[in-house]
2 protein chains.
Amino acid sequence: MRILIDGMGGDHAPQEIVKGAIQAAREIDDTVVIIGAEDLIKAELDVQKWNGSNIEVVNATEVITNNESPAMAVRKKKDSTINRGMKMVKEGEADVFISGGSTGALLAAGLLGLGRIKGIKRPAIAAFFPQIGKDDTTLLLDCGANVDCRPEFLYQFGVMGSIFVQNVKGKESPDVRLLNVGAESEKGDELHKEAYEQLANSSINFQGNIEGREVVSGVCDVVVADGFSGNIFLKSSEGLALSIMGRLKEVLMGGTISKIAALLLAKQLKGMKKDFDYSEEGGAPILGLKGPVLKIHGSSKAYAVYNAILKARDYVESDVTGQIEKAIAESDEISSGEAVKTEA
Amino acid sequence: MRILIDGMGGDHAPQEIVKGAIQAAREIDDTVVIIGAEDLIKAELDVQKWNGSNIEVVNATEVITNNESPAMAVRKKKDSTINRGMKMVKEGEADVFISGGSTGALLAAGLLGLGRIKGIKRPAIAAFFPQIGKDDTTLLLDCGANVDCRPEFLYQFGVMGSIFVQNVKGKESPDVRLLNVGAESEKGDELHKEAYEQLANSSINFQGNIEGREVVSGVCDVVVADGFSGNIFLKSSEGLALSIMGRLKEVLMGGTISKIAALLLAKQLKGMKKDFDYSEEGGAPILGLKGPVLKIHGSSKAYAVYNAILKARDYVESDVTGQIEKAIAESDEISSGEAVKTEA
């Protein structure tokens, strides 16, 4: 397998990307391909004393930053890591593309370079997040690819999420819910009321609305959200978990007695920290594209990169893209358009 | 002062309401008025062995539940605690009304019975939540009163929030931000892009967008949100904080050594729990109504009720309603409508 990673994407590129790639390459037989400024990446490989054979470097001369318009940048910067990465997946030169670069650019380049699965109106970013106190995760989609949604997008996110969890986790009939401001079916704005209807009329195991406070306790497998509130949910949860763990650390380091207590608790607290550590979860797939693409956090450090590369292998092996394509074609769930309104 | 509380609103009414009312009445000279089924409430006062003189009971024969359409119920149930409560505030029989009942019904009854402050298009629910590790709070509005928003609503929420924090906390020029999916001005859906423009053109101290992950660290005084994502933010933060504290408790009670450590840390952990305890914060005012109305959580127990009653006194004394009315009339910020579009 050839796992392609964007060497220039994210706040700590290329150093942390290269570091994470080396960590992963030392553990696996697959080839890790790093795309970006060849000289910088090779220099970093030297700094990190890499002497193995399963890392390749592919040169790309341009980088798309977070500060430019994604659509414009994707059209203009043909030799950017993001455009080239999508092209390599399309042409079979890589089995999966991982990037910590601009989400908007990844989407634009994905749509342009790879295209959508037939029948899918909008790709969605899907992320697993930890269920607190349980050894399991919940899939949230969309995490922010589509800030302006229509009801049929949410319905399709539910179908894709259900297929994804079935294939990756082997769950027979994943429990799918809609992130909303109340549990009752009539709750929410027009978008969510209409999406509720479409999800309820579909063949997936839709179990109704879920409120923000229930999600982390792990009552369901898939949470469908519009990209705006999904993004608010994900980022505020991340921020809060980090703040609380930071505060706990302060409390534990606050005095001699606390420090002793902290030593006594070291093992358990480490386990707890892992519960809330989003970097454990690997990259977030962009579901609906005609090829495996994983988005990692812009703030990803080596450990998150390493994790994303390992998880990417499972993602490729479970052939989620192919399974979504197949399930949609077979079930006519999306292609027949029973519950789907046509675009205006 | 006469502080009116809905004896029938919430999951634990009337028992916990009465219990909290007694706790508060023992500490203050003001009169606590409980409205609801007189026989039930009086029986509960007897059970709790109340023998003071500053609790009054006002009989109301109907209750609006969470399961009925708010607008319908408010029109039909004239003698409900919520309708009667608003009327008592309007007619000066109470200085503030506190309720843990249906948010929708409180809003509908508030609009019908009390009315809006001149110039305000939509009232908003405003809640203070704790800044982690700091002895301060941030105001979030709207927390869920308006799930379908227009840009000018968000702009008005910013103005009201700014005035509120100025009056209650004495901050000269509160730092106001817009809850959005990215920090840059061009981020978000159409609603938030347009709201950004209007806020940026206003006279309040608008400092741009804020992402979900930054809010709890206390970078600003006021966070403006549409009611849908504001509600998602608030509930998911509450849920996560509770889950994490629950998990911590499990960890600390998990074995003999952990229990010893927990004893050593007891004081610090209690302080930390307080950081995340939303019941410390009192009720959430519905800003924009022509009178003080505080919404408390439906799940409120005695301590939250007690707290809401004490905080309600400060709220009445700082005359937020009057200050908003005055500030709007004086500044022409809202009434002149420079940045405000007329309704369609």
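Scoring rules and cut-offs
Residues numbered from 1 in each chain as written. Chains lettered and ligands numbered in written order. Predicted model: local features only at pLDDT ≥ 70, side-chain atom pairs only at ≥ 80, totals over all residues. Heavy atoms only, no water. Pairing = 2+ DSSP bridges. Helix = DSSP H or I, 4+ residues; strand = E, 2+ residues; numbered from the N terminus. Axes fitted to C-alpha atoms, helices over the stretch in contact; angles between N-to-C directions. Least-squares fit on C-alpha atoms with pLDDT ≥ 70 in both. Contact = heavy atoms within 4.5 Å. Salt bridge = Lys/Arg side-chain N within 4 Å of Asp/Glu carboxyl O. Buried < 20%, exposed > 50% of the residue type's maximum accessible area, 1.4 Å probe, protein only. Polar contact = N/O pair within 3.5 Å; in protein donor to acceptor, adjacent residues only side chain to side chain. Buried area = accessible area lost by both parts, 1.4 Å probe. Domains from an automatic or database assignment. 1 Å grid on protein atoms, 1.4 Å probe; cavity = no way out; pocket = protein on both sides within 12 Å on 5 of 7 lines; lining within 4 Å. Points joined across faces, edges and corners; volume = space filled by probe spheres on them. Nonpolar A, V, L, I, M, F, W, Y, C, P; charged D, E, K, R; others polar.

Comments concerning the sheet that holds strand β11 (residues 293–295) of chain B
Residues and elements named next belong to chain B. Strand order in the open sheet formed by eleven strands is β3-β2-β1-β4-β11-β10-β5-β6-β9-β7-β8, with mixed pairing between adjacent strands. Among the strands making up the open sheet, the edge pair consists of β3 (55–59) and β8 (206–210). Pairwise comparison of adjacent strand axes, ignoring direction, gives a mean angle of 30° for this sheet. Examined bridge by bridge, strand β1 (residues 2–6) and strand β2 (residues 31–36) share five bridges and lie parallel to one another. Within the sheet, the bridge partner assigned to L4 lies in β2 and is V33.

Some remarks on the relation of the copies chain A and chain B
With an RMSD of 0.1 Å, chain A superimposes on chain B once it is rotated by 180° and translated 0.0 Å along the axis. The transformation just described matches what one would write down for a two-fold rotation axis. Minimal C-alpha distance to the rotation axis in chain A is attained by A:A261, lying at 2.3 Å. When you check the interface residues of chain A against chain B, 100% turn up at the interface there too, and the contact is symmetric in its surfaces.

Thoughts on the pattern of salt bridges
Per the stated rule, a full pass over the model turns up 32 salt bridges over all chains. Here B:E211 and A:K235 are joined by a salt bridge, their closest N and O atoms 2.3 Å apart. Here A:K235 lies in helix α8 (residues 227–252) and B:E211 lies in the loop between β8 and α8 (212–215), a pairing that spans two chains. When its relative accessible area of 14% is taken as the criterion, B:E211 is described as buried. Residue class for A:K235 comes out buried when judged on its relative accessible area of 11%. Three or more residues joined by partner-sharing salt bridges are found here, namely A:D136, A:K169, A:K171 and A:D221.

A closer look at the side chain of B:N146
All names here are of chain B. One can find N146 in the loop between β6 (137–141) and α6 (151–169). With relative accessibility at 8%, the residue N146 sits in the buried group. Of the polar contacts made by the side chain of N146, one reaches the backbone oxygen of P123; its length is 2.9 Å. If near-sequence neighbours (up to four positions away) are discounted, N146 is found in contact with R122, P123, A124, F157, D226, G227 and F228.

A word on the sheet that holds strand β6 (residues 137–141) of chain A
Residues and elements named next belong to chain A. Here we have eleven strands laid out as an open sheet, ordered β3-β2-β1-β4-β11-β10-β5-β6-β9-β7-β8, and mixed in their pairing. Each edge of the open sheet is held by one strand with a lone partner, namely β3 (55–59) and β8 (206–210). With direction set aside, neighbouring strand axes in the sheet form an average angle of 30°. The sheet contact formed by strand β5 (residues 124–130) and β6 spans five bridges and is antiparallel. When the sheet's bridge partners are listed, F129 is paired in β6 with T138. Of the strands in this sheet, β1 (2–6), β2 (31–36) and β3 are in contact with helix α1 (residues 15–27), which crosses β2 at around 170°. Running over the sheet, α8 touches β5, β6 and β7 (176–179) and is turned about 140° from β6.

Describing the interface of chain A and chain B
Listed by partner, the interface residues are 49 residues for chain A and 49 residues for chain B. Carbon and sulfur atoms supply 73% of the area that chain A and chain B bury against each other, a total of about 4,400 Å² over both sides. Area buried by chain A at its contact with chain B is led by A:R213, A:F228 and A:L240, which between them contribute 15% of it. Between B:R213 and A:E238 there is a salt bridge, with the nearest N and O atoms lying 3.5 Å from each other. Scanning the region where chain A abuts chain B turns up ten residue pairs in polar contact (both at pLDDT 80 or more). When contributions to the side of chain A that touches chain B are tallied by element, the ones reaching two or more residues are α7 (190–200), α8 and α9 (256–276) of chain A. Take the side of chain A that touches chain B: its biggest share by element is 19 residues, from α8(A).

Notes on the domain arrangement of chain A
Residues and elements named next belong to chain A. The domain architecture assigned to chain A consists of domain 1 (1–120 + 288–321) and domain 2 (122–281). Between domain 1 and domain 2, the residue contacts involve 16 residues of the former and 13 residues of the latter. For the pair domain 1 and domain 2, the summed buried area comes to about 1,300 Å², and 64% of that belongs to carbon and sulfur atoms. When residues of the side of domain 1 that touches domain 2 are traced back to their parent elements, those giving at least two are α5 (103–114) and α10 (302–317). Among the elements that line the side of domain 1 that touches domain 2, the one with the most residues is α10, at five residues.

Let's talk about empty space enclosed by the protein
Residues and elements named next belong to chain B. The final tally for this structure, using the stated rule, is one cavity of 30 Å³ or more. Taken as a whole, the largest cavity holds about 30 Å³ of empty space. Taken together, D6, M8, G9, V63, I64, T81, I82 and G101 make up the full set of residues lining the largest cavity. Across the lining of the largest cavity, the residue classes tally to four nonpolar, three polar and one charged.

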